[in-house]
Amino acid sequence: MSRLRDDDCRLWTLAVYRQAPQALLATPDGKTMKIIADANIPFVSECFSSIGQVRVVGGREITPSVAADADVLLVRSITAVGPELLTASKVRFVATATIGFDHIDRDFLEQNNIGFASAPGSNANSAAEYVIAGLLEVAQRHHLNLEGSSIGIIGVGNVGGRVASKCAALGMDVLLNDPPLQRQTGDAKYLPLDGLFGCDFITLHTPLTFEGPDKTHHLADERFLGSLKEGCVFVNASRGGVVDSRALKAAVRRGRLRAIVLDVWENEPAIDLELLKMVDIGTPHIAGYSLDGKIGGLIMIYKSVCEYFGLKPEFDVEDFLPEPSVPQVKLDRAVGREQDALLKAVREVYRIDHDDEKLRRVLDEPPEKRGAYFDSLRKNYPVRREFQNTEILLATEDTKKNIKRLSDKLKGIGFRVQNEKSG
C-alpha cells in the first residue's frame, strides 16, 4: 500500500493492559487469526488483513454467534463487551478504537485471560475541536463574546484538557473540575463542582460511571442544572448518560439555559426527539469522528494487537491519511470582527451546523426507522479533518497588534498560520 503524507498527525501512547502469555506469541499451528471488526473503524480491513482474516460487521450486529470463532474483537463504543457476548467465544484479545471504555467489562476480560487495549487520546483533539466549533456557532447565534466569558470544564482528561487549552487561547476564563485529578495532584486549580456554577458556559467531558465517589451517571441532574447561572450555555460531548434528559428538558422549559449543544444522548440510537427540538445544536455522537482521530485510534489498537501476539506491524498513521481537502484558507479584513474571522476559519474545515441539520431529519423518519437513521449518520459520516491540517493565510492590512491577536487565537485552537506578504 502506498504511503500517504500527513505531517501533522500525531500518534498517542499505546494502552495495552496485559501482555499475552508467551505461548500466544507464535502461531506454530499455522492457522490464520480470525478478526471481527466494527465497520465504523476506517481502513480496518486493509490494516488488520496484514495479520489475520478480517470480517467487518456493524457494531450493533456483533452478537455472540458472530464473535464465537474470533481470536480478536475490534469495537467502538456502541458494542457492549462482557460475558453475554464472549462467554462462549474463543476471543483472546479485545480492542476498542475509542478513548472511553465504559462499554467494556474489563474485570471479565481479566478473569478470562483476554487481552485488552483502548485508544486513549486518539480522538481527543477532534472532540475538543467540536466543542470550539459549537461555542463559536452558538456565540454567533446569540450575539455572545467568547473572550472574557467564563467556561466551566467538568472532566479534565484527554478531551477536557484540550478544551481548556483552546478556550484559554480564545481569551475565555477557564475554571476546572476533576475530583480524581484534584485528589491525585492536590492542585487548587481543580475546583469543587459548585465553584463552576457561576460560569457563562459549562461543558462536560467525564467518563460514564455508575458507582463510587466520582459517579457521573446523571451528574447533570435537576439540582445541578438548577444551580447553573441563569442564561448559561450547556455543552455535553462526553456520554449521554451523564445528563438526566428529563431534568435538562425541565431546565429548558424554565428558561434557565441560553443555549444547548448536545452530541451525546441517553438511549442511543433511540434518542429523545423532544429534547432534540429544544437544543440549539444536536449531533449524532460524532464529536470525535475526525478522520485523523479515527485513523490514530486504528493504528493504536493495531499496534496493541501486534504487540500482544508478538507480530511486527506493517502500517502506521501516514499510510492511511490522505492530503487534506482544505490545505489553506485566506482571511482578510472583509471578514469583520475577530470572532467572525475565527468562525469563518472553522467553518471552512468543519460545519457543525450541517451535522445538526442532518440529525434533525430524523424527525421526518417513521418511528421504526429512527434508530437506524441515527446509526447511519455515524456509519456514513463524511471525512472531517482536524484544524492542524489547514494553514490560515492572514492579510496584513490591519495593525500588527490585531493581526497577532487573531494569529495567536487561530494557533491556539489548532490551525497553522501564515501572514500574507504585502506587495
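Source: prediction; values computed, not measured.

> Please explain the sheet that holds strand β15 (residues 416–419) as it appears in this structure.
Adjacent strands of a sheet pair through backbone hydrogen bonds, lying either parallel or antiparallel. Judged by pairing direction, the sheet is parallel, and its 3 strands sit side by side in the order β13-β14-β15 without closing on themselves. A strand with exactly one partner marks an edge of an open sheet, and here the two such strands are β13 (328–331) and β15. Each strand axis lies, on average, 25° off the axis of its neighbour in the sheet, ignoring direction. By the bridge criterion, 4 bridges tie β13 to strand β14 (residues 391–394) in an arrangement that is parallel. Bridging across to β14, Q328 finds its partner in E391. Sitting on the sheet, helix α12 (residues 338–349) is in contact with β13 and β14, with an inclination near 155° to β13. Taken strand by strand, helix α15 (residues 400–412) contacts β13, β14 and β15, and its axis lies near 175° from that of β14.

> Before we go on, may I ask you to explain the nonpolar core in this structure?
Within soluble globular proteins, side chains that are nonpolar tend to cluster in buried spots. If you look at the biggest cluster of nonpolar residues, it comprises 55 residues, and the most contacted ones within it are Y130, L135, I392, L410 and F415. Sorting elements by how many residues they give to this core places helix α5 (residues 124–141) first, with 11 residues. Leave out the neighbours within four places in its chain, and L135 touches L146, I151, C167, M172, F201 and V235.

> Even after reading the chapter, I still don't get the environment of R254, so can you show me in this structure?
With respect to the secondary-structure elements, R254 resides in the loop between α9 (245–253) and β11 (257–262). A relative accessible area of 45% means that R254 is categorised as partly exposed. In this structure, the C-alpha to C-alpha distance between R254 and N112, residues 142 residues apart in sequence, is 50 Å.

> I tried to follow the packing of aromatic side chains on my own but got confused; where do I start?
Pairs of aromatic rings are described using the distance from one ring centre to the other and the angle between the two planes. All told, the structure shown has 11 aromatic pairs when counted by the stated rule. Taken together, the ring pairs connect F43, F48, Y302, F315 and F320 into an aromatic cluster. Taking the ring centre of Y350 as reference, the NZ or CZ of R384 above it sits at 4.2 Å.

> I would appreciate a short explanation of the sheet that holds strand β7 (residues 150–154) in the present structure.
Strand order in the open sheet made by the 6 strands is β8-β7-β9-β10-β11-β12, with parallel pairing throughout. Since the sheet does not close on itself, it has two edges, and those belong to β8 (173–177) and β12 (281–282), each with one partner. α9 contacts β10 (232–236) and β11 of the sheet and is inclined by roughly 145° relative to β11.

> Can you walk me through the side chain of R76 in this structure?
By the secondary structure assignment, R76 is in the loop between β4 (72–75) and α3 (83–86). Buried and unpaired, R76 has no salt bridge, with D38 as the nearest side chain of opposite charge at 5.7 Å. Sequence-distant contacts of R76, that is, excluding residues within four places in its chain, are made with D38, N40, I41, T96, A97, T98, H103 and Y289.

> Explanation requested: the pattern of salt bridges in the structure shown.
Two side chains of opposite charge can pair, provided their charged atoms sit close to one another. Tallied over the full model, the rule gives 20 salt bridges. With its nearest N and O atoms 3.0 Å apart, the salt bridge here joins E147 to R405. Within this pair, whereas E147 is found in the loop between α5 and β7, its partner R405 is found in helix α15, the two being separated by 258 residues in sequence. A residue is classified by how much of its surface remains accessible, and E147, at 38% relative accessible area, is partly exposed. Between K409 and E338 there is a salt bridge; the shortest N-O distance is 2.4 Å. With K409 in helix α15 and E338 in helix α12, this pair connects stretches of sequence that are 71 residues apart. The same class applies to K409 as to E338, namely buried.

Definitions and cut-offs
- Residues numbered from 1 in each chain as written.
- Predicted model: local features only at pLDDT ≥ 70, side-chain atom pairs only at ≥ 80, totals over all residues.
- Heavy atoms only, no water.
- Pairing = 2+ DSSP bridges.
- Helix = DSSP H or I, 4+ residues; strand = E, 2+ residues; numbered from the N terminus.
- Axes fitted to C-alpha atoms, helices over the stretch in contact; angles between N-to-C directions.
- Contact = heavy atoms within 4.5 Å.
- Core = buried A, V, L, I, M, F, W, Y, C linked by side-chain atoms within 4.5 Å.
- Buried < 20%, exposed > 50% of the residue type's maximum accessible area, 1.4 Å probe, protein only.
- Phe/Tyr/Trp six-rings, centres within 6.5 Å; stacked < 30°, edge-to-face > 60°.
- Lys NZ or Arg CZ within 6 Å of the ring centre and 35° of its normal.
- Lys, Arg positive; Asp, Glu negative; His and termini not counted.
- Salt bridge = Lys/Arg side-chain N within 4 Å of Asp/Glu carboxyl O.

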